[in-house]
Amino acid sequence: NSKVIQTPRYLVKGQGQKAKMRCIPEKGHPVVFWYQQNKNNEFKFLINFQNQEVLQQIDMTEKRFSAECPSNSPCSLEIQSSEAGDSALYLCASSPRDRYAEQFFGPGTRLTVL
Amino acid sequence: GDSVTQTEGLVTVTEGLPVKLNCTYQTTYLTIAFFWYVQYLNEAPQVLLKSSTDNKRTEHQGFHATLHKSSSSFHLQKSSAQLSDSALYYCALTPSNMGYKLTFGTGTSLLVDP
């Protein structure tokens, strides 16, 4: 079973409010990913880190989302001003930095924006 | 960019009968890894199978898949479906670059009937 920890499991926010979720990657995994799984169960990659540095991110992430993976603290993903379309399951995954390494997912934070 | 196609949104099969879930892909990368992830209700996605070798069969938990680069496919099969196999199944690919994101297909919901 995956050892990626995500908190909170459920988050309810009003439109325009900030939403923040956290992830503790599996021990020894330097690479952390955030994905959004929408109501149609489709995955969208948001951002990934190696240690504290951003490896890749999509445009949406740059504009309203912020994320960080500080040393010795949980990683976090924050939506600055939540919109109804942000309602989704936010999945954090971690992996070793190896070629073809599989990603291990946490249970997700389900965000509902009212 | 990369893309993964899963043509069936829902596959229904009777317990004990064979099942096949289709996965095809497009990528510009020469070296790639493929995964089948399974997601049970309200649980995190987890790796079911993984492959990066052309024409080599990989097996796990009764499921098997073979990467065929000639046809850009990585179909998932099982000879005898079990009730416990009912879940969402995702095909995903990533290039060999370390720490790179996964590109997921849209998923296939497998329902095994008694």
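Just above sits the structure.
Reading the values: the criteria
- Throughout this document, residue positions are counted from 1 along each chain, in the order its sequence is written.
- Chain labels run from A onward and ligand labels from 1 onward, assigned in the order the entries are written.
- Where totals are concerned, whole chains, interfaces and linings use all residues; where local detail is concerned, this predicted model gives features only for residues with pLDDT of at least 70, and gives and counts side-chain atom pairs only at 80 or more.
- As a convention, hydrogens and water are excluded, and side-chain values are obtained from all of the structure's heavy atoms.
- Aromatic pairing here means that ring centres of Phe, Tyr or Trp (its six-membered ring) are within 6.5 Å. Orientation follows from the plane angle: under 30 degrees is stacked, over 60 is edge-to-face, and everything else is tilted.
- Strands here mean DSSP runs of E at least two residues long; helices mean DSSP runs of H or I at least four residues long; both are numbered from the N terminus.
- Exposure categories follow from relative accessible area, calculated using a 1.4 Å probe and restricted to protein chains: below 20% of the type maximum is buried, above 50% is exposed, and the middle band is partly exposed.
- Note on pairing: two strands pair once DSSP finds at least 2 bridges between them.
- Lines are fitted to the C-alpha atoms to define the axes, a helix being fitted only along its stretch in contact, and any angle between axes, read from their N-to-C directions, falls within 0 to 180 degrees.

Following the criterion strictly, the structure yields 18 aromatic pairs over all chains and no others. Ring centres 5.8 Å apart and planes at 65° place the aromatic pair Tyr29(B) and Tyr100(B) in the edge-to-face group. With Tyr29(B) in the loop between strand 4 (24-26) and strand 5 (32-39) and Tyr100(B) in the loop between strand 10 (87-95) and strand 11 (103-104), this residue pair connects regions lying 71 residues apart in the sequence. In this structure Tyr100(B) comes out as partly exposed when scored by relative accessible area, which is 22%. Aromatic rings pair up to connect Phe33(A), Tyr35(A), Phe43(A), Phe45(A), Phe105(A), Phe35(B), Tyr37(B), Tyr90(B) and Phe104(B) into one cluster.

All names here are of chain B. In space, the four strands of this open sheet follow the order 3-9-8-7, with antiparallel pairing throughout. Each edge of the sheet is formed by a strand with only one pairing partner; in this case those strands are strand 3 (19-21) and strand 7 (57-60). Neighbour-to-neighbour, the strand axes of the sheet open up by a mean angle of 20°, direction not taken into account. As judged from the four bridges shared by strand 7 and strand 8 (residues 63-66), these two strands associate in the antiparallel manner. Following the sheet pairing, histidine 60 is matched in strand 8 by phenylalanine 63.

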